[in-house]
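# Tertiary structure, described
If you want the building blocks of each chain, they are given just below.
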Amino acid sequence: MAQNGSGDKVEKGVVEEDEDLQNPNQKDLRHDKEDDLSVERMFLSREVPPWRNQLTIRALAVSFLLSILFSFIVMKLNLTTGIIPSLNVSAGLLGFFFVKTWTKFLDKSHLLRQPFTRQENTVIQTCVVASSGIAFSGGFGSYLFGMSERIANISSDKSDFKNPSLGWIIGFLFVVSFLGLFSVVPLRKIMIIDIKLTYPSGTATAHLINSFHTPEGAKLAKKQVRTLGKFFTLSFLWGFFQWFYNASDDCGFQAFPTLGLKAYKYKFYFDFSTIYVGVGMICPYIINVSVLLGGILSWGIMWPLIERKKGQWYPADTPDSDLSGLQGYKVFIAIAMILGDGLYNFIKVLSYTLISMYNQVRERQRENVLPVADQNSQLSYNDQRRTLYFLKDQIPSYYAIGGYVAIAAVSVGTLPHIFHQLKWYYVLVIYTLAPILGFCNAYGAGLTDWSLASTYGKLAIFTIGAWAGAAHGGVLAGLAACGVMMNIVSTASDLMQDFKTGYLTLSSPRSMFVSQLIGTAMGCVVSPCVFWIFYKAFDDLGMSDSQYPAPYATVYRNMAKLGVEGFSSLPKECLLLCYVFFGSAVVINLIKDLMGKRGRFIPLPMAMAIPFYIGPYFAIDMCVGSLILYVWERMNKAKADAFAPAVASGLICGDGIWTLPASILALAGVKAPICMKFLSRKANARVDAFLKS
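Given the structure is predicted, the values throughout are model-derived calculations rather than measurements.

## Remarks on a nonpolar patch on the surface
A cluster of nonpolar side chains, Trp424, Tyr425, Leu428, Val429, Leu433, Ile436 and Trp467, forms an exposed patch at the surface whose accessible area comes to about 680 Å². With six residues, the single largest contributor to the nonpolar patch is helix 21 (residues 424-448). Tracing the backbone shows Val429 in helix 21. Residue classification places Val429 among the partly exposed residues on the basis of a relative accessible area of 35%.

This is the structure in structure tokens:
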């Protein structure tokens, strides 16, 4: 997913060039087997460009184009399942492809002035991930869309809503999206060098970028890009084919059953969605299996059993979309599982963080020495060189503190005008606590690779919502507070992940910070525009039976409603079932942790909760992706490891970018020219009999 008064002094003390680093043959450097294979020795002949030269015009132009592409991908996933895989690999790979192709062309034309470096590649990846990250933390599929009248009507709560508008959404994001960046900048040395947090995603991305820019890695990268391009094209064409032969929800692949699993009116089916097949190839096997088990438990077993009690547990004439009927069970049992899983992991990660911090402090006291970066005799050549460049371009702490205070002051004055329910003192309290929570989230992400941004957001929903109360717009106040908190803690952990990537690729912290700022600014404009296209193109956006049901928008709205109104509106036995599933989520997580390595076979409650509300239709798609990857690994693991991310990225990107022309066609009112429907033998016989008569 600590401010240090002497931090600047310590950094200034190690900025000077170390002669030993300029001559790797010095005797006091360790020449063991690891150093002979050192990554930094491979790049020793290549000059590290100054931080300003890492921020090139071509890098920012490529970042902008990729930001649009990835925003469509994240937005589509937000509005369908809410499962968003890591796209760092795709961003790094596509960034390498575009800039490498351009520089190769210029080189042949003898016009190339600046070669393409791994630092520039890192800047692109950082900028793209920062921009597309706003599509998630901006709440377009959760708290922000949950404020709308459309979701309010679904939640039977029509009194308190705020419909989306490009103006206030962009303004809101610009006000809240930068604070998290300034809150953790002073901590970069402590967390990356002193404590040496691992940040697995940032480390993996750095290794990928480093491998691209070695001679052997560049050859593999070209093959990976070609593979990505092929599957991107196939996925895009498949999206067009589905649209061409699909004129309505009653017509085409959306109702194409393949497994024959049927319980009353609930079916499992494979809808040939390449984006979910790609997501399934990226997500761990246990995620996909958990989603499938959640679908079987809910739509295959529970909902048919509860529906039999219609008239006893809830009125027989209650519409399926009413929260006092079956919809209430779907939404609130899913909420209970999400809260149980989130609370358990929040306590676990926070405890792990506090214990780790305590051990660090005790270790320092025992040794009576600060683990500063100039203890080069204990460091490998890689670490010496990386530490030197990481501390070379400083970001003064007073810039970060001043920036945080200035933006917070503007935000305290601005947000109550955007949401009159969100009082200025609510915002002030959030901004007082946010740096601490941002640090906790960034620290926890460094240990576990798990950002708990949404959990912190849920805490804000309940605390601020209850503080405001139902009579004073507590629902909207809670949702808005959720957005403020989520943006701060999410961007804080993302920035520290990027600092880790920059540390391992010798990218300047200044270039990383500036690219993060630029990417965030891009996201504050691009993401709302992409959401607006979906919002205007699809009139049924947010409806449970829609192509884009936006499940978490309803879930977050009902969390806010629950926080301010209590449990009085729930159908019979729903509260008891919520307690059972909340407790089950906690117990499952506890057993999973106690079993150690064997616990990897136990399903994840958070993943199981998703199909409880929106159905299991995407579970088959994701499991197909897992099956493809499993068979591929059994046949040739080396090739699968090298090319599976490229195949998955191509499937995701192709289907994701198809949503742009599909949305434009929907806005223009263009219908597919052919209607195709698959019928069972029994239904087909009835149609034939009717036609013959």
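## Here we look at the nonpolar core
With 169 residues, the main nonpolar core has Phe172, Leu415 and Tyr431 as its most contacted residues. Looking at this core element by element, the count peaks at 18 residues for helix 23 (residues 474-504). Aside from chain neighbours lying at most four places away, what touches Phe172 is Tyr143, Leu144, Leu415, Ile418, Phe419, Ala480, Gly483 and Val484. In this structure, Val277, Met281, Val647 and Ala648 belong to the second largest nonpolar core, which totals seven residues.

## Here we look at helix 24 (residues 509-537)
An ideal rise of 1.5 Å per residue puts 42 Å on 29 residues; helix 24 measures up with 41 Å between its terminal C-alpha atoms. If you look at helix 24, its biggest bend is around 30°, right at Gly523. Capping the start of helix 24 is the job of one residue whose side-chain oxygen sits 3.1 Å from the backbone nitrogen of Arg510: Ser508.

## Let's talk about the environment of Gly625
By the secondary structure assignment, Gly625 is in helix 28 (residues 617-635). Gly625 sits in the buried class, given a relative accessible area of 0%. Taking the C-alpha atoms as reference points, Gly625 and Val277, 348 residues apart in sequence, are found 4.3 Å from one another. Setting aside residues up to four positions removed in sequence, Gly625 forms contacts with Val277, Gly280 and Met281.

## So, the packing of aromatic side chains
Under the defined criterion, the tally for this structure stands at 33 aromatic pairs. For the pair Phe96 and Phe116, a centre-to-centre distance of 6.0 Å together with 45° between the ring planes defines the contact as tilted. Linking Phe96 in helix 7 (residues 88-108) with Phe116 in the loop between helix 7 and helix 8 (118-137), this pair joins segments that are 20 residues apart in sequence. With a relative accessible area of 2%, Phe96 lands in the buried category. In this structure Phe116 comes out as buried when scored by relative accessible area, which is 9%.

## Examining the confidence of the model for the chain
Per-chain confidence: the chain averages 80 in pLDDT, with 84% of residues scoring 70 or above. Here residues 247-267 is a poorly scored stretch, pLDDT under 50, and it has 54 contacts once near neighbours within four places are set aside; other chains count. Confidence drops under pLDDT 50 across residues 370-377; counting only partners more than four residues distant or on other chains, this segment forms 15 contacts.

## Brief notes about the packing of helix 6 (residues 57-80) against helix 7
Look at helix 6 against helix 7: their axes get within 10 Å of each other, and the N-to-C directions meet at 135°. Taken together, helix 6 and helix 7 sit at an angle that is classed as oblique. Considering only the axes of helix 6 and helix 7, their crossing is right-handed. Only Ser90, Ala91, Leu94, Gly95, Phe98, Val99, Trp102 and Thr103 of helix 7 make contact with helix 6, whose side of the interface consists of Arg58, Val62, Leu66, Leu69 and Phe70. Considering only residue class, the contact of helix 6 with helix 7 consists of nine nonpolar, three polar and one charged.

## What about a positive patch on the surface?
A cluster of basic side chains, namely Arg46, Lys100, Lys104, Lys108, Lys219, Lys222, Lys223, Arg226, Lys230 and Lys639, defines a positive patch on the protein surface. Those elements giving two or more residues to the positive patch turn out to be helix 7 and helix 15 (215-244). Among the elements that line the positive patch, the one with the most residues is helix 15, at five residues. Relative to the helices and strands, Lys219 is located in helix 15. Residue Lys219 is classed as exposed on the basis of its relative accessible area of 61%.

## Considering the environment of His213
Note that His213 resides in the loop between helix 14 (200-212) and helix 15. Separated by 170 residues in the primary sequence, His213 and Phe43 have C-alpha atoms spaced 9.0 Å apart. Ignoring any residue separated from it by four or fewer positions in sequence, one finds His213 in contact with Phe43, Arg46, Phe96, Phe116, Thr117, Arg118 and Asn121.

## So, the pattern of salt bridges
Applying the stated criterion across every chain yields a total of seven salt bridges. Linking Glu40 and Arg386 is a salt bridge whose minimum nitrogen-to-oxygen distance equals 3.2 Å. Of this pair, Glu40 sits in helix 4 (residues 39-42) while Arg386 sits in helix 19 (residues 381-390), and the two are 346 residues apart along the sequence. Taken as a pair, Glu40 and Arg386 share a single burial class, namely buried. Where Asp641 meets Lys637, a salt bridge forms, and the shortest distance between an N and an O atom there is 3.0 Å. Of this pair, Asp641 and Lys637 both sit in helix 29 (residues 637-667), four residues apart, roughly one helical turn. Take Lys637: its relative accessible area is 48%, and that puts it in the partly exposed class. If you follow the salt bridges from partner to partner, you end up with Glu40, Arg118, Arg385 and Arg386 in one network.

## A few points about the packing of helix 8 against helix 23
Packing of helix 8 against helix 23 leaves a shortest axis separation of 11 Å and a crossing angle of 165°. One element, helix 8, and the other, helix 23, form an angle in the roughly antiparallel class. Regarding helix 8 and helix 23, the two cross each other, and that crossing is right-handed. On helix 23, the residues touching Arg118, Thr122, Gln125, Thr126, Ile134, Phe136 and Ser137 of helix 8 are Met486, Asn487, Ser490, Asp498, Thr501, Gly502 and Leu504. When grouped by side-chain class, the residues that make up the contact of helix 8 with helix 23 number four nonpolar, eight polar and two charged.

## Observations regarding helix 19
Extensive coverage of helix 19 is indicated by the burial of nine of its 10 residues. Regarding helix 19, the residues found buried are Tyr381, Asn382, Gln384, Arg385, Arg386, Thr387, Leu388, Tyr389 and Phe390.

## Some remarks on unusual backbone geometry
Residues other than glycine seldom take positive phi values, yet Leu506 does so here, at roughly 60°. Of note, Leu506 is situated in the loop between helix 23 and helix 24.

## Here we look at the environment of Thr203
Looking at the element boundaries, Thr203 is found in helix 14. With a relative accessible area of 17%, Thr203 lands in the buried category. For the pair Thr203 and Thr501, spaced 298 residues apart in the sequence, the C-alpha separation amounts to 5.7 Å. Excluding its chain neighbours within four sequence positions, the residues that come into contact with Thr203 are Thr198, Lys500 and Leu504.

Cut-offs and rules
- Along each chain, residues carry numbers from 1 onward, in the same order as the chain's sequence is written.
- Reporting in this predicted model follows two pLDDT cut-offs: at least 70 for local features of residues, and 80 or more for side-chain atom pairs to be given and counted; totals over whole chains, interfaces and linings ignore these cut-offs and use all residues.
- Processing note: side-chain calculations cover all non-hydrogen atoms of the structure and skip hydrogens and water entirely.
- A patch is a set of surface residues, each over 30% in relative accessible area and not in a salt bridge, joined within 9 Å for like charges and within 5 Å for the nonpolar side chains Val, Leu, Ile, Met, Phe, Trp and Tyr.
- We get accessible surface area from the Shrake-Rupley algorithm with a probe of 1.4 Å; when it comes to residues, only the shown protein chains can shield them.
- Salt bridges, as used here, are contacts in which a Lys or Arg side-chain nitrogen is within 4 Å of a carboxyl oxygen on Asp or Glu.
- Helix and strand labels come from DSSP, where a helix needs a run of H or I of at least four residues and a strand needs a run of E of at least two; each type is numbered from the N terminus.
- Type-normalised accessible area, obtained with a 1.4 Å probe on protein chains alone, sets the label of each residue: buried when under 20%, exposed when over 50%, and partly exposed for intermediate values.
- For the purposes of this section, nonpolar cores are sets of buried Ala, Val, Leu, Ile, Met, Phe, Trp, Tyr and Cys residues that join through side-chain atoms within 4.5 Å.
- Any pair of residues with heavy atoms lying within 4.5 Å of one another is described as a contacting pair.
- Each helix should span, by expectation, one fewer than its residue count multiplied by 1.5 Å.
- One axis fitted to the seven residues ending at a residue, another fitted to the seven starting there: the angle between these axes is the bend at that residue.
- By the criterion applied in these results, polar contacts are pairs of N or O atoms within 3.5 Å in which, for protein atoms, one can donate a hydrogen and the other can accept it, and in which residues neighboring in sequence qualify only through two side-chain atoms.
- Aromatic rings from Phe, Tyr and Trp, with only the six-membered ring used for Trp, were paired whenever their centres fell within 6.5 Å, and each pair was classed as stacked if the ring planes differed by under 30 degrees, edge-to-face if by over 60, and tilted otherwise.
- Every residue is assigned a pLDDT by the predictor, reflecting its confidence on a scale from 0 to 100.
- To get an axis, fit a line to the C-alpha atoms, keeping to the stretch in contact for a helix; angles then go from 0 to 180 degrees between the N-to-C directions.
- Should an angle lie under 35 degrees it is considered roughly parallel, over 145 roughly antiparallel, and from 65 to 115 roughly perpendicular; all remaining angles are considered oblique.
- Left-handed describes a crossing whose near helix is turned anticlockwise from the far helix by less than a right angle; the clockwise case is right-handed.
- Classification convention: Asp, Glu, Lys, Arg as charged; Ala, Val, Leu, Ile, Met, Phe, Trp, Tyr, Cys, Pro as nonpolar; all other residues, Gly among them, as polar.
- The charge count includes Lys and Arg as positive and Asp and Glu as negative, but it does not include His or the ends of the chains.
- In plain terms, the charge of a residue is placed at NZ if it is Lys, CZ if Arg, CG if Asp and CD if Glu.

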